[in-house]
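Chains, contacts and geometry: an overview
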Amino acid sequence: MQKPILVLGARGQVAIALQRLAKVRGISLVAAGRPDLDVKDIGSIAAGINSVGPGIVINAAAYTAVDKAQGEGQEEAYTINAEAPARLAVLCKANQIPLIHISTDYVFDGLKGAPYLEDDEMVPLNNYGASKAAGEMAVRAAGPEHIILRTQWVYSPNGGNFVKTMLRVGQERDEISVVNDQIGSPTSADEIAAALLDVAATVEGGAPADLWGTYHFSGIGMTTWHGFAAEIFRLAGEAGMKTPKLKAISTLEYPTPAVRPLAAVLATDKIQQAFGITPASWEETLARIFPTIVESVKVEATA
Ligand SMILES: NC(=O)c1ccc[n+]([C@@H]2O[C@H](COP(=O)([O-])OP(=O)(O)OC[C@H]3O[C@@H](n4cnc5c(N)ncnc54)[C@H](OP(=O)(O)O)[C@@H]3O)[C@@H](O)[C@H]2O)c1
């Protein structure tokens, strides 16, 4: 019998999608999160590993409050995104358990002018990106058999994300201003979960040395936050929902504590070649998942 997959950070967007999909696929997966398993406490991770006996660990826990990490959350972001993965990787190496760690496009500065390759230099612009870059380096340095999967612009029916915010605010306002000069690829947590389970199935129990390493996964195609919002409200209009007027603004007109990369698009050829994982277009995926997200926004509004 296959050993279970242990997922850290049980209630995050990607972790919930992993749990949902594992059930559908009949894969044994245990997700653990706070307060039972706090990645800041290596003892609680060790206890989780001892009790689950996983064949592979997926670290989906992270400090994801990008703007807060520029201020009061800076230390917490480093503890969770850099120090915790460092200790986790050492533990996985000692127990000979492969580790899949999730990272972000925010390790890049977005100035390359072309999609980023996995081995492009990391030049983070903000504390969150720097903490995630440090986490990646620590995982590589500890040297367990590992996969680092970078993704971007994640949305799902669960947790907080751009699609849900747009739908909520769109019901309250007649006009919304959205940044039109940051480019990326919207990525569904469901698609990330599918990619992670496919990768896990391939590498669990051993894989050729050259298969381990860093990969990019995101929806195919790119857009701006404004373009993303326009597509969200096109679908909302089709579903008979109120749609606000969208005003395109520049990043300069919408200053945030954390500077974001302007165009940190991820090249996804490597994961396609190595694992046969082909991401779908971001518009197709959004259209498919949209009704579930609308439902979840409605439920949360009445809760
Ligand atoms: N969201 C994005 O747009 C995006 C973009 C690129 C990359 N990523 C990466 O993708 C991964 C998954 O992101 P996500 O969107 O699923 O994040 P998320 O929805 O914000 O979830 C993060 C989860 O981590 C958990 N967590 C935080 N600190 C923890 C701790 N000390 N111990 C245990 N669990 C802890 C949180 O637990 P609580 O529920 O207890 O708070 C939360 O459930 C992360 O590595 C993130 O950096 C995300």
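See the structure printed just above.
Report on the accompanying structure. (Residues numbered from 1 in each chain as written. Predicted model: local features only at pLDDT ≥ 70, side-chain atom pairs only at ≥ 80, totals over all residues. Heavy atoms only, no water.)

1. A few points about helix α4 (residues 127-142)
For α4, with 16 residues, the first-to-last C-alpha span of 22 Å sits near the 22 Å given by 1.5 Å per residue. Every buried residue belonging to α4 is among Asn 127, Tyr 128, Gly 129, Ser 131, Lys 132, Ala 133, Gly 135, Glu 136, Ala 138 and Val 139, and all of these are buried. The elements touched by buried residues of α4 are α3 (74-95), β4 (99-104) and β5 (146-151). Measuring from the backbone nitrogen of Tyr 128 back to the side-chain oxygen at the start of α4 gives 3.3 Å, which picks out Asn 126 as the cap. Gly 143 sits one or two residues past α4 and shows a positive phi near 75°. (Helix = DSSP H or I, 4+ residues; strand = E, 2+ residues; numbered from the N terminus. Expected span 1.5 Å × (residues − 1). Buried < 20%, exposed > 50% of the residue type's maximum accessible area, 1.4 Å probe, protein only. Contact = heavy atoms within 4.5 Å. Polar contact = N/O pair within 3.5 Å; in protein donor to acceptor, adjacent residues only side chain to side chain.)

2. Quick notes on the sheet that holds strand β2 (residues 29-32)
Strand order in the open sheet formed by 6 strands is β2-β1-β3-β4-β5-β10, and the pairing between neighbours is parallel. The open sheet is flanked by β2 and β10 (213-216), the only strands paired with a single partner. Taken pair by pair, the neighbouring strands of this sheet meet at an average axis angle of 20°, ignoring direction. Judged from the 4 bridges that link them, strand β1 (residues 5-8) and strand β3 (residues 56-59) form a sheet pairing that is parallel. (Pairing = 2+ DSSP bridges. Axes fitted to C-alpha atoms, helices over the stretch in contact; angles between N-to-C directions.)

3. Observations regarding unusual backbone geometry
Geometrically, the link from Arg 34 to Pro 35 is a cis peptide bond, its omega value of 5° lying close to zero. As for its placement among the helices and strands, Pro 35 is situated in the loop between β2 and α2 (42-52). Of note in the backbone geometry, Gln 96 takes a positive phi value of approximately 55° without being a glycine. As for its position among the elements, Gln 96 is in the loop between α3 and β4. Judged by relative accessible area, Gln 96 falls into the exposed class, the value being 70%.

4. Some words on empty space enclosed by the protein
One pass over the structure, following the stated rule, counts 2 cavities of 30 Å³ or more. Estimates place the volume of the largest cavity at around 50 Å³. Counting residues per element, the ones that place at least two in the lining of the largest cavity are β9 (187-188) and α9 (282-302). Residue classes in the lining of the largest cavity are distributed as 6 nonpolar, 5 polar and 1 charged. Asp 105, Tyr 106, Trp 153, Gln 182, Ile 183, Trp 225, Arg 260 and Pro 261 are the residues that line the second largest cavity. Partitioned by chemical class, the residues of the lining of the second largest cavity number 5 nonpolar, 1 polar and 2 charged. (1 Å grid on protein atoms, 1.4 Å probe; cavity = no way out; pocket = protein on both sides within 12 Å on 5 of 7 lines; lining within 4 Å. Points joined across faces, edges and corners; volume = space filled by probe spheres on them. Nonpolar A, V, L, I, M, F, W, Y, C, P; charged D, E, K, R; others polar.)

5. A look at the site of the ligand
Neighbouring the ligand are 24 residues; Arg 34, Asp 38, Thr 64, Tyr 128 and Lys 132 lie closest to it. Residue Ile 102 places a main-chain N or O atom 3.2 Å away from an oxygen atom belonging to the ligand. In this structure, Lys 132 approaches the ligand through a side-chain N or O atom, which is 2.7 Å from an oxygen atom. Only α1 (13-25), β4 and α4 provide two or more residues apiece to the shell around the ligand. Here the element with the most residues in the shell around the ligand is β4; it accounts for 3 residues. Looking at the shell around the ligand residue by residue, the classes come out as 11 nonpolar, 8 polar and 5 charged. (Near = heavy atom within 4 Å.)

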